[in-house]
Amino acid sequence: MTLIALLSLKGSPGVTTTALGLAVCWPSGEQPVVVECDAAGGDLLARFRLELSPSLMSLAAAARHGADAGLLWQHTQRLPGGLPVVVGPAGGDQARAALAQLNAGVGEVDVLRQAADRAGTVVIADCGRFSGDEAVMRIVRAADAVLLLAHARDDALSHLATLLARPPSWLRDPLFVLAGDGYPTPEVAEALNVTVLGRLPDDPRGAAALAGRPARRPAPAKSPLLRALAPITASVAHRAAACPRHRSRSAAGAVSDPRTVWGGASR
């Protein structure tokens, strides 16, 4: 019963890989689904050699005729481990068109929000690099928790400081995850007055496993990347559950989702 939005501010800190890692590490008993909402285009289609449809584009077309809590699930595909995903088109023009089409109909926030409001469902929206695209920002503003990824280096942090100086309406209480080397985590948190949940190591093999590429390690769950993501995921889940909107929906009750946990499913 949670909507999480992930985005980065500069460079390529690995938003899509982190979204998949969050889904892998999400607490048992809840079913995550990753939705590519990047206005620059998605990566999963090529990474995992998935089908062109169903996809974000087919979801956008269907949403024009109305939406309910089960609509998103009709447009998912399965990764090799069983994780359900809604893949975005590879091209930015197509991705922006799909997002715009969703806005022209019921709206992608309604589709994702309704799916996330079902008991046991966690929608993880991969929003890519921050671009100010209004369709993407609607998703970000509707989320129970927003996770921003950034490198802890001067160039990335200067962009982050500039963005944080904007009026607060653009983003509500973001949570931060740092990637790779650079300034110490406590120093970044204190200097920018932000909540930093953790830091992701430079782990090419672990990232390759999440990206669908062969890895030498037979157990990617033991990779440094996923070991770092586990406590971050637990913290995100806890904070999202404490979101006032999340609590109000819980009190009102939600429709249960009959689908089973994805972990052992086949594609």
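Our subject is the structure that appears above.
What this report covers is the structure whose coordinates are included nearby. (Residues numbered from 1 in each chain as written. Predicted model: local features only at pLDDT ≥ 70, side-chain atom pairs only at ≥ 80, totals over all residues. Heavy atoms only, no water.)

**Some remarks on the side chain of Ser8**
- Within the fold, Ser8 resides in strand 1 (residues 2-8).
- Other than its neighbours up to four places away in sequence, Ser8 contacts Pro13, Val15, Gly128, Arg129, Phe130 and Leu149. (Helix = DSSP H or I, 4+ residues; strand = E, 2+ residues; numbered from the N terminus. Contact = heavy atoms within 4.5 Å.)

**Some remarks on the pairing of strand 5 (residues 121-129)**
- Across the nine residues of strand 5, eight count as buried, placing the element largely inside the fold.
- Across six bridges, the pairing between strand 1 and strand 5 is parallel. Each residue of the ladder has a partner; that of Ala5, found in strand 5, is Ala125. (Buried < 20%, exposed > 50% of the residue type's maximum accessible area, 1.4 Å probe, protein only. Pairing = 2+ DSSP bridges.)

**What about empty space enclosed by the protein?**
- Going through the model one piece at a time under the given rule, you end up with two cavities of 30 Å³ or more.
- The computed volume of the largest cavity comes to approximately 40 Å³.
- In terms of lining, the largest cavity is formed by Leu7, Cys127, Arg129, Phe130, Ser131, Gly132, Asp133, Val136 and Met137.
- Of all elements in the fold, only strand 5 and helix 6 (134-142) reach the threshold of two or more residues within the lining of the largest cavity.
- Classifying every residue of the lining of the largest cavity by side-chain character gives five nonpolar, two polar and two charged. (1 Å grid on protein atoms, 1.4 Å probe; cavity = no way out; pocket = protein on both sides within 12 Å on 5 of 7 lines; lining within 4 Å. Points joined across faces, edges and corners; volume = space filled by probe spheres on them. Nonpolar A, V, L, I, M, F, W, Y, C, P; charged D, E, K, R; others polar.)

**Concerning the sheet that holds strand 1**
- Overall, mixed pairing links the eight strands, which are arranged 3-4-2-5-1-6-7-8 in an open sheet. Edge positions in the sheet fall to strand 3 (77-78) and strand 8 (195-200), since each of these pairs with one other strand and no more.
- The sheet strands contacting helix 8 (residues 185-192) are strand 6 (145-152), strand 7 (175-182) and strand 8, and the helix crosses strand 8 at an angle near 150°. (Axes fitted to C-alpha atoms, helices over the stretch in contact; angles between N-to-C directions.)

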